[in-house]
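Understanding the architecture of this molecule
Next come the chains, spelled out residue by residue.
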Amino acid sequence: MRKLLKYEMRAMNRRLFPIYAGMLAIALLNGFFGMGAMIQDSNALERMLDALPSPLSFLLSMMQMVIVILFFGILMGMMVVWLLTTINRFNKGLLGEEGYLMFTLPVTTGRLIGSKLLASSIHLVLASLVALLSMCFMAGTTGISAFFRLMSDADFGSFFGELARACPTWPIVVLEFLVFCALGVFGTVLHFYLAMALGHLSNSHRTLMSVLAYIGISVVMSMLTSMGFSGLMLLENVGFVENMARFVFAHGQLAGHLMMLALIALSVAECAVFWFGTRYILKRRLNLE
Amino acid sequence: MDNTLIRCAGLTKRFGAKEALRGVDLELGSGRIVGLLGPNGSGKTTLIKILNGLLTPTEGFVLISGFEPGVETHARVSYLPDRMYFADWMKAADLVDFFSDFYADFDRQKASEMCAALHIAPGDRIKTMSKGTKEKLQLVMVMSRAAELYLLDEPIAGVDPAARDFILNTILTNYNENGTVLISTHLISDIERVLDEVVFLKEGQIVCHDTVDNIRENAGKSVDALFREMFRAEGMEGGVF
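Throughout what follows, the structure given in this document is the object of discussion.

Describing the overall build of chain B
Helix and strand counts for chain B stand at nine helices and nine strands. Relative to the compact-globule value of 18 Å for 241 residues, chain B shows a C-alpha radius of gyration of 18 Å, a close match. Overall, the C-alpha framework of chain B stretches about 55 × 35 × 35 Å when taken along its three principal axes. In chain B, buried positions account for 49% of the 241 residues. Partitioning the intrachain contacts of chain B with sequence separation of at least 6 by distance along the chain shows that 71% fall at a separation of at least 24. Carbon and sulfur atoms form 48% of the exposed surface of chain B, whose accessible area is close to 10,400 Å².

Overview of the pattern of salt bridges
Residue and element names in this part refer to chain B. Under the definition given, this model contains 23 salt bridges over all chains. Between glutamate 135 and lysine 131 there is a salt bridge, with the nearest N and O atoms lying 3.3 Å from each other. Here glutamate 135 and its partner lysine 131 are both found in helix H5 (residues 131-143), four residues apart, which amounts to about one turn of the helix. Relative accessible area serves as the criterion here: at 25%, glutamate 135 is assigned to the partly exposed category. Judged by relative accessible area, lysine 131 falls into the exposed class, the value being 58%. Ionic pairing is found between glutamate 229 and lysine 221, a salt bridge with its closest N-O pair at 2.4 Å. What makes glutamate 229 partly exposed here is its relative accessible area of 42%.

Overview of the environment of isoleucine 48 of chain B
Residues and elements named next belong to chain B. Its location among the elements puts isoleucine 48 in helix H1 (residues 44-51). Under the relative-accessibility criterion, isoleucine 48 is labelled buried at 0%. With 38 residues separating them in the primary sequence, isoleucine 48 and glycine 10 have C-alpha atoms 15 Å apart. Among all residues touching isoleucine 48, those that are not within four sequence positions of it are Leu36, Tyr79, Leu151, Leu152, Asp153 and Ser184.

Calculation rules
Residues numbered from 1 in each chain as written. Chains lettered and ligands numbered in written order. Predicted model: local features only at pLDDT ≥ 70, side-chain atom pairs only at ≥ 80, totals over all residues. Heavy atoms only, no water. Helix = DSSP H or I, 4+ residues; strand = E, 2+ residues; numbered from the N terminus. Rg over C-alpha atoms; globule rule 2.2 N^0.38 Å. Buried < 20%, exposed > 50% of the residue type's maximum accessible area, 1.4 Å probe, protein only. Contact = heavy atoms within 4.5 Å. Areas by Shrake-Rupley, 256 points an atom, 1.4 Å probe, with all protein chains shown as cover. Salt bridge = Lys/Arg side-chain N within 4 Å of Asp/Glu carboxyl O.

The structure is reproduced here in structure tokens:
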């Protein structure tokens, strides 16, 4: 598994690292051209622009705008590239010609899927970190120093004290939230995997069938959700909502945890269905072109 | 346990309405060099892909050393597909690392020596290699394993006669002698001299499975001649309809 992950990470790094580098470079440029100053004190920038001869100041403000647009373009682009890379690594890497190599390795199908899922998830975290770092760069030196001033002024001791008083189990809440996020990422990626695996079952038009499968799964998921909600509504007749409300008021924190755990359980169920569906198809119904 | 390495029974594969294999029963033993012969579209690649678990049979089953295609068989089988299956951004050295990471029976030394003989430097990118070099590199990787079964799909189809000799020699000098080599091809005259046994596939069915010695003795002709006879007759039948 470690070896598979190593190769999968390398394949993904190749595609995504240049994008990260580009992102950071543009963010740095952006910071350099005074975005930070603008954020902190828009008057300062205007004064600076006014002081310059007008064609030059116009050029400078144009350039700034272009860079801001470029930045958000790249931010969007980064997410799109991550998604495309994730899809591509599965579609080409397992269902395409590279699949001839991967499926004849003495490793289980679960590990093949798992290594791709993990590599993709790791890269989503990396991409998010790069985006965060870019925001810092974009804020420029003034922005960063402002951030640190804010951090040093903040009274963390009393903040956490307050937090602990209001919600003594807050670390568990954070943990629950992180687990929920991770499952959300897995679910998103596995949704794509299952759609591609289903599309692969078709003898022709596999791409089209994958897209249809993706939409189909989405429809089923939203139908299940609305069915779940209407189920809850039906329970109202037997005083479910009233009892629920009473319970929440009486045990606020416990109710919160229970809700998070219920959400986590639902996500686990979703991931499990996607995972086992994908694995079954790749193991028992594999037909590489 | 008996000496049977490959056992197929009632193997059928349909792609939609098209039948690529029709009830193939086949048993092959260890320590043989077997030719899987037949014209294009006779089901050779389909059979090899099923043996590798890349295709799921519609009916019937296949066992290799008693296992269904899966982790156990992949560790025993060395497979040369009829296409490039490496990511082209990799270097030759990456490929050697990859194979030695995953296959316990991979001989790193042997692979490096063969690469050197082919003037492939470890740092060469696969992308920059010619088609012929890529194919040879792929063969080097596959033959550097001490496998129980080598499944070679059209190893000599796309190359010039000089390269054919190189490929055949590479196969003959490097295969694990206790193992079996199954070579699929329609270029029979080139490989006839190395074969112990032949399997003729025609329209998804086995029409002849015998040793080369028996064919020469009984039919009084070479495998190539028998092959031409068999498949020319088919063409004439086609003409009648």
